[in-house]
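Descriptive structure summary
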Amino acid sequence: MTDKAHSLDKIVSLCKRRGFIFQSSEIYGGFGAVYDYGPLGIELKNNISQLWWRDMTQLHENIVGLDSGILMHPKIWEASGHIEEFHDPLVDCKQCKARFRADELITDFESADWSAIQCPTCGTTGNLTEPRQFNLMFKTHMGPVESEGDIAYLRPETAQGIYVNYLLVQGAMRKKVPFGIAQIGKAFRNEIVARNFIFRTREFEQMEMQYFVKPGTDDDEMKAWKEERFNFYTVGLGINKDKLRFHQHGHGELAHYAKEAWDIEYEFPFGWSEVEGIHNRTDFDLKRHQEFSGKNMQYSDQISNEKYFPYIIETSAGLNRMLLIVLADAYWEDSENNRTVLKLHPKLAPVKAVVCPLVKKDGLPELARNVTDELKKHYKVIYDQQGSIGKRYYRQDEAGTPFGITVDHQSLEDNTVTLRNRDTQNQDRVPIDSLVEKINDEINNWS
Ligand code: GAP
């Protein structure tokens, strides 16, 4: 195993050990590429999504939120092109029954001679089938009787919920082009090969923002959103800039709806891969919805009296992938001190502080409880009195908790505690009365 693959394994095992992420249905042997988020995982996920939500809907006055259904009218997926176009080429090995995406085995998979290609799993040649197109949408049925007429799909992207509601939102909120609609929600794709932990899963969450602009201004808007989204990673999440880059989609890569597309990629332990797509979707979706629904989908400009289909600049990020880059970027083996640390920015850390009585007697637990009760009005904190103080701190270093507070015998005399910084392990003596102020200061000046 390479060092890089090894480091993904280490992250996976830390996530399980510390209650971030578990394999779904583990007691039944697991369930293909679905993951459950444990107590620390859900806190981290919420902190990331709230940061994105604030960035989009609070810092931009012309972007508003929406929460549309996962199940929608099946015609939406005809109009969007997902029924016709949302395929991956699938090959099976007749010998070992392994499944692959043909385009991941061979770039030029359409003209390849599959009888001469070796199966990467069992090593036999001549057993791979010809590629066949496989639609990635999950199908289900509405109502008690299963019939062709009752088919519904689990949405493969949240975007369509925004497009079909855009005129309702625009009218209700009196928005003028350019304006945006943001949404966070689950999406589902029946991926042929789901791998690399939470990177590619069958159930995941997207954070998408659709920005409706006047045709002709789309190229400039695209440029502006590219820059803004890149900054969200470096400034907003504090991700190492050297591990981020843009990748522009070439002609063969462009989705059926896109005129121009850029991925923000991160250098994961398994290589450079996409975490967010920024797409110029033109007026493709709105025109198609007008065609398939028979309803007018044009925007009406009250000032110029023009009617037109806005172009759409889409920023589409995977929340789970964003969480994976936050974890991968924060993972640090501190060999000098023989400890593993998640160097999460305090604003993202699931727990901000652990409060520990030095010993379980002499009135220290009572005082530590009082400190916890005060702090929990401000942050997510935990109380821990199990094990040596060193072990308690190391457990929290792995969980990414930035502050450790110890109540000791001196605390009983002068009402001070020690405040430990996770990364430097420096400890300051701080009056209990000014703990909140001191922690706020540290969070605001964190580097
Ligand atoms: N609405 C456009 C759209 O869905 P996409 O590039 O197919 O575009 C956008 O997906 C983002 O959704 C990706 O950059 C990725 O972060 C996330 N994503 C897509 N498929 C995923 C999967 N199977 N597992 C986890 N995240 C996924």
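Let me begin by describing the structure that accompanies this report. (Residues numbered from 1 in each chain as written. Predicted model: local features only at pLDDT ≥ 70, side-chain atom pairs only at ≥ 80, totals over all residues. Heavy atoms only, no water.)

In sheet architecture, strand pairing relies on hydrogen bonds along the backbone and comes in two forms, parallel and antiparallel. Read across the open sheet, the 5 strands follow the order S20-S19-S21-S22-S23; overall the sheet is mixed. Both outer strands of the open sheet, strand S20 (381-383) and strand S23 (427-431), are each paired with one neighbouring strand and no more. Pairs of neighbouring strands in the sheet enclose a mean axial angle of 25°, with direction left out of account. Helix-sheet contacts for helix H10 (residues 364-375) involve strand S19 (353-357), S20 and strand S21 (403-407), and the interaxial angle to S19 is about 160°. (Pairing = 2+ DSSP bridges. Helix = DSSP H or I, 4+ residues; strand = E, 2+ residues; numbered from the N terminus. Axes fitted to C-alpha atoms, helices over the stretch in contact; angles between N-to-C directions. Contact = heavy atoms within 4.5 Å.)

This part covers the site of the ligand. Residues in contact with the ligand amount to 21 residues; listed here are only the nearest, Glu157, Glu191, Thr201, Glu208 and Glu274. Within the side chain of Glu191, one N or O atom sits 2.8 Å away from a nitrogen atom of the ligand. Between the ligand and the protein, one listed contact pairs a nitrogen atom with a side-chain N or O atom of Arg281 at 3.4 Å. The protein chains hide 93% of the 550 Å² of surface that the ligand would expose on its own. Of all the secondary-structure elements, those providing two or more residues to the shell around the ligand are strand S10 (203-213), strand S13 (271-282) and strand S16 (311-318). Considering every element that reaches the shell around the ligand, the biggest residue donor is S13, with 6 residues. Looking at side-chain class alone, the shell around the ligand contains 5 nonpolar, 6 polar and 10 charged residues. (Near = heavy atom within 4 Å. Polar contact = N/O pair within 3.5 Å; in protein donor to acceptor, adjacent residues only side chain to side chain. Areas by Shrake-Rupley, 256 points an atom, 1.4 Å probe, with all protein chains shown as cover. Nonpolar A, V, L, I, M, F, W, Y, C, P; charged D, E, K, R; others polar.)

Glancing now at unusual backbone geometry. Look at the link from Val177 to Pro178: it is a cis peptide, with omega at 5°. With respect to the helices and strands, Pro178 occurs in the loop between helix H6 (159-173) and strand S9 (179-188). Its identity is not glycine, yet Lys97 carries a phi of approximately 70°, on the positive side. Counting through the fold element by element, Lys97 comes out in the loop between strand S4 (87-92) and strand S5 (99-101). Look at Gln425: it is not a glycine, yet its phi comes out positive at around 65°. Locating Gln425 in the fold gives a position in the loop between strand S22 (416-421) and S23.

Another aspect to go through is the state of the cysteines. All chains considered together, the criterion is met by 0 disulfides. Between Cys119, a cysteine without a disulfide, and Cys93, which holds the nearest cysteine sulfur, the sulfur-to-sulfur distance is 3.7 Å. The exposure class of Cys119 is buried, given its relative accessible area of 1%. (Disulfide = S-S within 2.5 Å. Buried < 20%, exposed > 50% of the residue type's maximum accessible area, 1.4 Å probe, protein only.)

Among the nonpolar cores identified, the biggest contains 53 residues, and Phe20, Leu44, Ile48, Tyr233, Leu237 and Leu327 are the most heavily contacted of them. Sorting the residues of this core by element identifies helix H1 (3-17), helix H2 (39-58), S10, helix H7 (218-236), strand S12 (260-268), S13, S16 and helix H9 (319-330) as the ones contributing at least two each. Considering each element in turn, this core owes the most residues, 9 residues, to H9. Sequence-distant contacts of Leu237, defined by excluding residues within four places in its chain, comprise Ile48, Leu51, Phe232, Met322, Val326 and Leu348. Ranked by size, the runner-up nonpolar core spans 22 residues in total, among them Val430, Ile439, Ile443 and Trp446. (Core = buried A, V, L, I, M, F, W, Y, C linked by side-chain atoms within 4.5 Å.)

To continue, consider the sheet that holds S9. A sheet is described by the order of its strands in space; here 7 strands give the open sequence S3-S9-S10-S16-S13-S12-S11, paired in mixed fashion. Across the chains shown, the open sheet's two edge strands, defined by having one partner strand only, are strand S3 (63-65) and strand S11 (244-248). Across the sheet, the axes of successive neighbouring strands diverge by a mean angle of 25°, strand direction being ignored. The sheet strands contacting H6 are S3, S9, S10, S13 and S16, and the helix crosses S10 at an angle near 45°.

What follows deals with the pairing of S13. The side chains of a regular strand alternate between the sheet's two faces. Burial analysis of S13 places 10 of its 12 residues in the buried class, which makes it a mostly covered element. Examined bridge by bridge, S12 and S13 share 9 bridges and lie antiparallel to one another. Bridge pairing in S13 places Glu265 opposite Glu274. Linking two consecutive strands that pair antiparallel, namely S12 and S13, is a turn of 2 residues. Sheet topology places S13 next to S16; 6 bridges connect them, and they run antiparallel. Across the sheet, residue Gly277 finds its bridge partner in S16, namely Ser316.

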